[in-house]
Number of protein chains: 2
Amino acid sequence: MLAYATRLLNHGPVTVLTTADEHGANACAVAWVMPLSKGPARFVLSLGRGHLSWEKLMATGEAVINIPGAHQAAETLAVGTLKGREVPDKIHVAGFATEPAAVVAVPRLAGCVAWLECRLVERALAEAHGLVILEAVHAHSAHLRDDGTLDVAAHPTLHHLGGRRFAADGEVITPPLPEPD
Amino acid sequence: MLAYATRLLNHGPVTVLTTADEHGANACAVAWVMPLSKGPARFVLSLGRGHLSWEKLMATGEAVINIPGAHQAAETLAVGTLKGREVPDKIHVAGFATEPAAVVAVPRLAGCVAWLECRLVERALAEAHGLVILEAVHAHSAHLRDDGTLDVAAHPTLHHLGGRRFAADGEVITPPLPEPD
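Residues numbered from 1 in each chain as written. Chains lettered and ligands numbered in written order. Predicted model: local features only at pLDDT ≥ 70, side-chain atom pairs only at ≥ 80, totals over all residues. Heavy atoms only, no water.

## Here we look at the overall build of chain A
Step number 1: Helix and strand counts for chain A stand at four helices and 12 strands.
Step number 2: In terms of overall dimensions, chain A is globule-like: its C-alpha atoms have a radius of gyration of 15 Å, near the 16 Å expected for 181 residues.
Step number 3: Each of the three principal axes of chain A carries a C-alpha extent, and together these read 45 × 35 × 30 Å.
Step number 4: A burial count over chain A gives 56% of its 181 residues as buried.
Step number 5: By sequence separation, contacts in chain A at least 24 residues apart represent 64% of the contacts at least 6 residues apart.
Step number 6: As presented, chain A carries roughly 7200 Å² of accessible surface, and 50% of it is formed by carbon and sulfur atoms. (Helix = DSSP H or I, 4+ residues; strand = E, 2+ residues; numbered from the N terminus. Rg over C-alpha atoms; globule rule 2.2 N^0.38 Å. Buried < 20%, exposed > 50% of the residue type's maximum accessible area, 1.4 Å probe, protein only. Contact = heavy atoms within 4.5 Å. Areas by Shrake-Rupley, 256 points an atom, 1.4 Å probe, with all protein chains shown as cover.)

Given below as structure tokens:
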């Protein structure tokens with residue numbers, strides 16, 4: 001599965017990064033992420049240094065890149081809108097459920113199309129450019145074709161156009177904003 | 001337009017990078033590209049150091065990130081398959097036509113959904129990691145909504161799943177390979 005790990009986000013879907021430390025788990029939406037190499041399967045993503053997810057990632061060196069499906073548009077927008085420092089238990093408030101990952105000590109989001117369990121492999125570039133390089137240690141999807149590409153016709157992913165707009169399955173959708181408490 | 005430049009590829013479409021030096025123009029398909037900052041509008045892409053496009057980009061410091069539409073799937077696959085060092089005039093052999101860009105001295109590909117005319121702003125990262133950082137000096141699309149997002153419902157882009165497979169407009173397509181001479 002790791003041999004084809006880059007194919008899980010080669011087509012540019014929005015992702016949700018989960019992280020966790022002794023204070024709990026957090027999630028943030030990350031559209032600015034891409035593969036960097038196939039062997040080893042590495043990814044680069046742009047992450048704000050002030051974010052709670054940055055803090056947890058730097059503390060533990062582990063994260064899961066969750067690739068949500070089109071059916072999770074509202075939850076994904078909510079994760080991209082709510083702030084982890086202001087909303088304790090942001091993951092569940094956004095409507096996601098968590099489940100254990102296979103290898104890393106960070107939970108993954110239930111119901112996603114694919115998951116990349118990763119370890120941080122390069123800190124200097126993160127400090128200098130905000131570019132985080134992650135290496136996949138485990139990858140999983142239940143929706144692969146024989147050639148390792150995602151079956152997005154049956155299980156469409158979300159592509160963030162900007163603001164509240166996403167493309168999915170040939171349509172442009174605008175999920176509702178999360179409700180205030 | 002530059003204020004919304006990152007929105008032209010925020011949703012993860014495959015791109016075609018055009019470059020040109022005194023020996024002529026070249027094009028290569030680049031799926032591993034993402035926005036890096038909104039102000040200034042910068043992008044980071046992964047480009048092989050042995051490629052002819054790398055040579056031309058480093059020589060002139062200019063490139064155009066062309067965002068092809070779903071109607072250009074065969075041309076895009078051809079550009080990603082043919083090698084510029086082996087096929088003189090690769091751009092036209094692949095089926096693309098060129099036209100002048102607005103600001104840079106590199107041609108853009110006719111009929112694309114959007115174009116980002118760019119200058120290279122960071123060489124050290126390119127040498128160390130193969131990560132090229134480009135800054136947009138001009139951006140254009142005739143298919144924008146009021147909020148600067150691309151109207152992909154009317155003008156779908158291509159999303160490279162791997163191998164010959166692309167997602168476009170909610171379908172998975174497999175364009176034909178370029179014909180041998």
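Now that the structure is up, let's keep going.
## Things to note about the interface of chain A and chain B
Step number 1: Counting residues at the interface gives 37 residues for chain A, matched by 37 residues for chain B.
Step number 2: Of the roughly 3100 Å² buried between chain A and chain B on both sides combined, carbon and sulfur atoms contribute 62%.
Step number 3: When residues of chain A are sorted by the area they lose upon contact with chain B, Trp 32, Met 34 and Leu 161 of chain A head the list and together hold 23% of the total.
Step number 4: Viewed at the interface, chain B and chain A are joined by two salt bridges.
Step number 5: A salt bridge links Arg 165 of chain B to Asp 147 of chain A; the nearest nitrogen and oxygen atoms lie 2.9 Å apart.
Step number 6: Counting across the interface, chain A meets chain B through 10 residue pairs in polar contact (both at pLDDT 80 or more).
Step number 7: Secondary-structure elements contributing two or more residues to the side of chain A that touches chain B are strand E3 (33–37), strand E4 (42–46), helix H4 (124–129), strand E9 (131–140), strand E10 (159–162) and strand E11 (165–168) of chain A. (Buried area = accessible area lost by both parts, 1.4 Å probe. Salt bridge = Lys/Arg side-chain N within 4 Å of Asp/Glu carboxyl O. Polar contact = N/O pair within 3.5 Å; in protein donor to acceptor, adjacent residues only side chain to side chain.)

## Here's the deal with helix H2 (residues 73–81) of chain A
Step number 1: Residues Ala 73, Thr 76, Leu 77, Ala 78 and Val 79 of chain A constitute the buried set of H2 of chain A.
Step number 2: Against strand E1 (15–21), strand E2 (24–30), helix H3 (90–93), E11 and strand E12 (171–173) of chain A lie the buried residues of H2 of chain A.

## Points about the relation of the copies chain A and chain B
Step number 1: Note on the identical chains: chain A maps onto chain B by a rotation of 180° and an axial translation of 0.0 Å, with an RMSD of 0.0 Å. Both chain copies can therefore be described as sitting about a two-fold axis.
Step number 2: A symmetric contact is evident, with 100% of the interface residues of chain A recurring at the interface of chain B. (Least-squares fit on C-alpha atoms with pLDDT ≥ 70 in both.)

## Considering the packing of aromatic side chains
Step number 1: If you walk through the whole model with that rule in mind, you get zero aromatic pairs over all chains.
Step number 2: Above the face of the Trp 115 of chain A ring, Arg 108 of chain A is positioned so that its terminal group lies 3.5 Å from the ring centre. (Phe/Tyr/Trp six-rings, centres within 6.5 Å; stacked < 30°, edge-to-face > 60°. Lys NZ or Arg CZ within 6 Å of the ring centre and 35° of its normal.)

## Regarding empty space enclosed by the protein
Step number 1: Evaluation of the coordinates by the stated rule reveals two cavities of 30 Å³ or more.
Step number 2: Volume-wise, the largest cavity comes out at about 230 Å³.
Step number 3: In terms of lining, the largest cavity is formed by 22 residues, of which the most central are Asp 169 and Gly 170 of chain A together with His 159, Asp 169 and Gly 170 of chain B.
Step number 4: When contributions to the lining of the largest cavity are tallied by element, the ones reaching two or more residues are E11 and E12 of chain A together with strand E11 (165–168) of chain B.
Step number 5: Broken down by class, the residue content of the lining of the largest cavity amounts to 10 nonpolar, eight polar and four charged.
Step number 6: When its volume is computed, the second largest cavity comes out at roughly 90 Å³.
Step number 7: Residue composition of the lining of the second largest cavity, by class: 10 nonpolar, five polar and no charged. (1 Å grid on protein atoms, 1.4 Å probe; cavity = no way out; pocket = protein on both sides within 12 Å on 5 of 7 lines; lining within 4 Å. Points joined across faces, edges and corners; volume = space filled by probe spheres on them. Nonpolar A, V, L, I, M, F, W, Y, C, P; charged D, E, K, R; others polar.)

## As for the sheet that holds strand E10 (residues 159–162) of chain B
All names here are of chain B.
Step number 1: In spatial order, the strands read E10-E11-E12; together these three strands make up an open sheet with antiparallel pairing. Unpaired on one side and paired on the other, E10 and strand E12 (171–173) mark the two borders of the sheet. Neighbour-to-neighbour, the strand axes of the sheet open up by a mean angle of 35°, direction not taken into account. (Pairing = 2+ DSSP bridges. Axes fitted to C-alpha atoms, helices over the stretch in contact; angles between N-to-C directions.)

## Focus: the pairing of strand E4 (residues 42–46) of chain B
Residues and elements named next belong to chain B.
Step number 1: Counting buried positions along E4 gives four out of five residues, so the element sits mostly inside the fold.
Step number 2: As paired elements, strand E3 (residues 33–37) and E4 share four bridges and run antiparallel to each other. Residue Pro 35 lies in a different strand from E4, and its bridge partner there is Phe 43.
Step number 3: Counted between consecutive antiparallel strands, the loop separating E3 from E4 contains four residues.

## Details of the environment of Glu 171 of chain A
All names here are of chain A.
Step number 1: Mapped onto the elements of the fold, Glu 171 is located in strand E12.
Step number 2: We classify Glu 171 as exposed; its relative accessible area is 52%.
Step number 3: Distance in space between the C-alpha atoms of Glu 171 and Leu 77 is 16 Å, their sequence separation being 94 residues.

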